[in-house]
2 protein chains.
Amino acid sequence: MKKIDVGIVGYGVVGNGVAKVLEEKKDLLYKKSGVEINLKKVFTRNWNKKFPYPLPEEKKAQSLDELLNDDDIAIIVELTGGVDFPYQLMKSAIERGKHIVTANKALLAEKGKEIFSIAEDKGIRIGYEAAVAGGIPIIRALREGLVANKILKIYGILNGTTNYILTNMYKKGKDFKTALKEAQELGYAEADPTLDINGTDAAHKIAILASLSYGGFLDFSQIYIEGIESIHPLDIELGKELGYVLKLLAIAKGHNGEVEVRVHPTFLPEDNPLSKVDGVFNAVMVEGDNVGESMFYGEGAGSLPTASAVVSDIVDISKSIAEGVGREIEITSMNWEHKDLSLTRVSDFYTRYYLRFTVPDVTGILAKVAAVFAKFNISIAAVIQKEKVVSMYREKNSEKIIPLVILTHTASENNIQQAIKEIENQEITVEKTVIIRVEDEE
Amino acid sequence: MKKIDVGIVGYGVVGNGVAKVLEEKKDLLYKKSGVEINLKKVFTRNWNKKFPYPLPEEKKAQSLDELLNDDDIAIIVELTGGVDFPYQLMKSAIERGKHIVTANKALLAEKGKEIFSIAEDKGIRIGYEAAVAGGIPIIRALREGLVANKILKIYGILNGTTNYILTNMYKKGKDFKTALKEAQELGYAEADPTLDINGTDAAHKIAILASLSYGGFLDFSQIYIEGIESIHPLDIELGKELGYVLKLLAIAKGHNGEVEVRVHPTFLPEDNPLSKVDGVFNAVMVEGDNVGESMFYGEGAGSLPTASAVVSDIVDISKSIAEGVGREIEITSMNWEHKDLSLTRVSDFYTRYYLRFTVPDVTGILAKVAAVFAKFNISIAAVIQKEKVVSMYREKNSEKIIPLVILTHTASENNIQQAIKEIENQEITVEKTVIIRVEDEE
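If you're wondering where the values come from, they're calculated on a predicted model, not measured in any experiment.

Enquirer: Talk me through the interface of chain B and chain A; I want residue IDs and the actual numbers.
Expert: Taken together, the contacts link 53 residues of chain B with 53 residues of chain A. When contributions to the side of chain B that touches chain A are tallied by element, the ones reaching two or more residues are α2 (26-33), α6 (138-145), β12 (292-299) and α12 (303-323) of chain B. Looking at the side of chain B that touches chain A element by element, the count peaks at 11 residues for α12 of chain B. Residues that form the side of chain B that touches chain A fall into these classes: 24 nonpolar, 15 polar and 14 charged. Looking at chain direction, strand β12 (residues 292-299) of chain A and β12 of chain B are connected through 3 bridges and run antiparallel. Across the sheet, Tyr297 of chain A pairs through a bridge with Met295 of chain B, a residue of β12 of chain B.

Below, the structure written as structure tokens:
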């Protein structure tokens, strides 16, 4: 029987879950893998707290070096936060020949290139199933299950906090602030929800999926990211009238040697399977050239779902170690094309658009807007102009102000931005135009 | 660079897809796996046909022995039909040290124990991702991604033909025969659809998932299987009124050392993610003790989706061979508990029931039925008694005949069967009672 010793760094919600699963599932994991996985030591900065899964004293490390210098420990499970500290930690662990399992999406999205390059040189494996979509085994699906596919498109609902908020806004007509407050009260949003709300967390995750699918690293700072902070209930309502559900969608599409990666509020047709993913659940839709559309759905966060993913990587790597897998063959990296990915420029996005103009209720407005659209080759698919003034619209200079919603056919982002600029320059509108992208076949 | 030679036996729809994918994706597979996978030979009984993916002459084998006796061929891909021929083929291949990839669910469900036992003795791997749910990587998810979970429950929509028919009946009010005919015209049902319609195909697949999840083989002949042949549109309609969608559900649940495996038409609440799986799509919902509920959705059949799964196994095994993985560690079998699974007896099923009694429209009937239910400790959750006689009900002996639908709380199959027997013995009903099981939390 082979025994593999594991050390954990960071003992928060996920760390406690991983320790619990490793201890309570020891027999099951042995039966299923043929390897005995032993949690040897855990390091956290402060042991003077109450932990949901308390550890015996002999497993509590008082310094990081206790783990790094322990030659028995073959796998370091990195469950700290941030980027710089875990980056240094991983480097040290890799130098000592230890394999890595991590749930740190920020690190992989922003420093993946550096860390995988060091790991490859040393023949070290990095498991990161838990970094994207919690318990859903999407990394394994892309790396192995769908290996025979060219990935055409990935659509992900990758952030439970924003999906909970948007579901609440859609189903109960709540405004953003109220929905956020409720999410915080229920523990579905953190006290500082910035990285969730502004789309950064979802962007970290789609960056990882894009790298894995298209075989190279990308410049995270160049990804187009838009959060849900400014979403108004009126647009959710009007979208519903058009048959759409609003989701914070993380998108990756490959075409012509480029990868289009973007995260933004997106209208999806209500019969799209992703439209039915409610609350804190995550889902990833993958379109492969052979497999067609497939979807993976489950809990995207939380102690035990995330631990489930972390432990699956520990098992995987433990089996490799026990089997003595040759280093030259094992492809651990996301970098299988051995080149950096080029991101499609924002101005080259092609998609459909929902545009809400705020205009005076006078004749001829639609004609003016339509004229500008024609000039920029933007084709109109649907128009909603409400006779009844919606309450948010005040009378301005004794004119009635109304929303004018236009749904376009596929257009380029560049043309849309230019058209809106010209419409605003002509002072046809009296407020900033609301732009929401629409993913819908036509 | 390692090169692995592959032989295919059977050149039908899936075989053509596999050959196409292996040839067209050769570079991609090499980049992602580090192994060159070479389709060396294909055997089929009759080469005098037109094939969707024609092969060059040098790849056409004229006898099975050309593959079996070729020492270069490391993997045999079995894509024939039936049970006996592929069983003999696999035995011969295993004896010659060749690994196996198969899409043959009937064989694995009915002869899995024998074939895995021979394979284990010889250190041979068997890949069967394609045997369940086509392109959806559910085998890998259960074996690896969810390895850290005790599997509590699996619900599968595992047969596209029946799901297409039921979707058509639900959405368009079609009767079974019409819906079947339309499915045949569109190529979604075979000329002889028996094994799909009567639930056998779904049962083969859930038997495999149950073995993998609970770690032992089971007696396929003891699985409770009910098909969709007798489903009447009236029940779909009445179920809809109660908020349910009818699916042919394949169920596996583990409890108290037993596994409950059953395949039958099942009412699911309309907000269950599986209720929204329409048409020929497949989906598997897995509940694990750590991961919670997760769902896997995609195309369950067809040439390229199935080929996607077959090739993922070829890659997996090729990597293992190239890496020289130690035979003693690799757990290839579904038999990780090393014991046979005990199936829960049908009389011990506990679930909710939809019962449609056909009764004369006279006072006191409900009271009589309720009295029998009380005697057998069956608790009633809802009743639908229609004033308006539904057209299928004829006048009988000048009495009006009506449907009386009762939805129960959780009850034992045994009590339900006894209650129905007593009700029928008392001649309260005038036709055979319709029983549809309901999977719904309470």
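Enquirer: I'd like to hear about the domain arrangement of chain A, residue by residue, with values.
Expert: Domain assignment breaks chain A into domain 1 (2-135 + 303-323), domain 2 (138-299) and domain 3 (347-438). On a C-alpha basis, the centres of domain 1 of chain A and domain 3 of chain A stand 51 Å from each other.

Enquirer: Kindly report on the relation of the copies chain B and chain A, identifying the contributing residues and their values.
Expert: Turning chain B through 180 degrees and shifting it by 0.0 Å along the axis lays it on chain A, with an RMSD of 0.0 Å. What the rotation and shift describe, once combined, is the action of a two-fold rotation axis. Scanning chain B for the C-alpha nearest the rotation axis identifies Phe296 of chain B, at a separation of 2.4 Å. When the interface residues of chain B are mapped onto chain A, 100% of them again lie at the interface, so the same face is used by both copies.

Enquirer: Before we move on, could you go through helix α10 (residues 200-214) of chain A and cite the residues and values that matter?
Expert: Residue and element names in this part refer to chain A. Between its first and last C-alpha, α10 extends 21 Å over 15 residues, near the 21 Å set by a 1.5 Å rise per residue. Of all the 15 residues making up α10, 15 are buried; the element is thus mostly covered by neighbouring parts of the structure. Note on α10: the residue one or two positions beyond its end, Gly215, has a positive phi of about 80 degrees.

Enquirer: I'd like a description of the confidence of the model for chain A, backed by residues and values.
Expert: Looking at chain A as a whole, its pLDDT mean stands at 93, while 95% of the residues score no less than 70. Predicted as a complex, the structure gets a pTM of 0.95 and an ipTM equal to 0.93.

Enquirer: Outline the packing of helix α4 (residues 84-95) of chain B against helix α5 (residues 105-122) of chain B, supporting the account with residue identities and numerical values.
Expert: Each packed pair of helices is defined by two parameters, the angle between the axes and the distance between the axes. All names here are of chain B. Close contact between α4 and α5 brings their axes to 10 Å; oriented N to C, the two are set at 10 degrees. In this view, α4 runs roughly parallel relative to α5, as classed from their interaxial angle. Only Leu107, Lys111, Ile115, Ile118, Ala119 and Lys122 of α5 make contact with α4, whose side of the interface consists of Pro86, Tyr87, Met90, Lys91 and Ile94. Tallied by class, the residues present in the contact of α4 with α5 amount to 8 nonpolar, no polar and 3 charged.

Enquirer: Explain the sheet that holds strand β4 (residues 73-78) of chain A to me, and be specific about the residues and the numbers.
Expert: Residue and element names in this part refer to chain A. If you trace the 6 strands from one edge of the open sheet to the other, you get β3-β2-β1-β4-β5-β6, paired in parallel fashion. Each edge of the open sheet is held by one strand with a lone partner, namely β3 (60-61) and β6 (126-127). Note that strand β1 (residues 2-9) and strand β2 (residues 35-43) share 8 bridges and pair parallel. Directly across from Gly7, in β2, lies its bridge partner Lys41.

Enquirer: Give a description of helix α8 (residues 176-185) of chain A that names residues and reports values.
Expert: Residues and elements named next belong to chain A. For α8, the set of buried residues is Ala179, Leu180 and Ala183. Viewed end-on, α8 has its buried residues packed into an arc of 100 degrees, placing them on one side of the element. The exposed set on the far side of α8, more than 90 degrees from its buried face, consists of Lys177 and Glu185. Where α8 is buried, its residues meet α7 (160-172). Backbone geometry just downstream of α8 places Gly187 in the positive-phi region, at approximately 80 degrees.

Enquirer: Explain unusual backbone geometry to me, using residue names and the numbers behind them.
Expert: Residue and element names in this part refer to chain B. At Asn377, a position not held by glycine, the phi torsion is positive, near 60 degrees. Of note, Asn377 is situated in the loop between α13 (365-375) and β15 (380-385). Even without being glycine, Glu427 reaches a positive phi, approximately 55 degrees. Inspection of the secondary structure puts Glu427 in the loop between α14 (413-425) and β18 (434-438).

Enquirer: Lay out the environment of Leu108 of chain A with the relevant residues and their values.
Expert: Among the secondary structure elements, Leu108 of chain A is positioned in helix α5 (residues 105-122). For the pair Leu108 of chain A and Gly7 of chain A, spaced 101 residues apart in the sequence, the C-alpha separation amounts to 20 Å.

Enquirer: Explain the sheet that holds strand β4 (residues 73-78) of chain B to me, and be specific about the residues and the numbers.
Expert: Strand pairs in the sheet, formed through backbone hydrogen bonds, run parallel or antiparallel to each other. All names here are of chain B. Here 6 strands make up an open sheet; going across it, the order is β3-β2-β1-β4-β5-β6 and the pairing parallel. Bordering the open sheet on either side are β3 (60-61) and β6 (126-127), each of which pairs with just one other strand. Note: strand β2 (residues 35-43) against β3, 2 bridges, orientation parallel. In the sheet register, Val42 faces β3, and the bridge partner there is Lys60. Along the sheet, helix α1 (residues 13-24) contacts β1 (2-9), β2 and β4; its crossing angle with β2, the most-contacted strand, is approximately 145 degrees.

Enquirer: Describe the environment of Ile115 of chain B, naming the residues involved and giving the relevant values.
Expert: All names here are of chain B. Counting through the fold element by element, Ile115 comes out in helix α5. Given 23 C-beta atoms within 10 Å, Ile115 falls into the buried group. Sequence separation between Ile115 and Tyr87 is 28 residues, and the spatial gap between their C-alpha atoms is 7.5 Å. Ile115 has contacts with Tyr87, Met90 and Ile126, leaving out every residue within four places of it along the chain.

Enquirer: Explain the pairing of β12 of chain A to me, and be specific about the residues and the numbers.
Expert: All names here are of chain A. In terms of residue burial, β12 counts as a mostly covered element, since 6 of its 8 residues are buried. Summarising the sheet, strand β11 (residues 281-288) and β12 pair through 8 bridges and their orientation is antiparallel. Across the sheet, residue Met285 finds its bridge partner in β12, namely Met295. Counting the residues that bridge the hairpin from β11 to β12 gives 3 residues.

Calculation rules
Residues numbered from 1 in each chain as written. Chains lettered and ligands numbered in written order. Predicted model: local features only at pLDDT ≥ 70, side-chain atom pairs only at ≥ 80, totals over all residues. Contact = placed C-beta atoms within 7 Å. Helix = DSSP H or I, 4+ residues; strand = E, 2+ residues; numbered from the N terminus. Nonpolar A, V, L, I, M, F, W, Y, C, P; charged D, E, K, R; others polar. Pairing = 2+ DSSP bridges. Domains from an automatic or database assignment. Least-squares fit on C-alpha atoms with pLDDT ≥ 70 in both. Expected span 1.5 Å × (residues − 1). Buried ≥ 20, exposed ≤ 12 C-beta atoms within 10 Å, placed from the backbone. pLDDT = per-residue confidence, 0-100. Axes fitted to C-alpha atoms, helices over the stretch in contact; angles between N-to-C directions. Parallel < 35°, antiparallel > 145°, perpendicular 65-115°, else oblique. Arc of directions from axis to C-beta.

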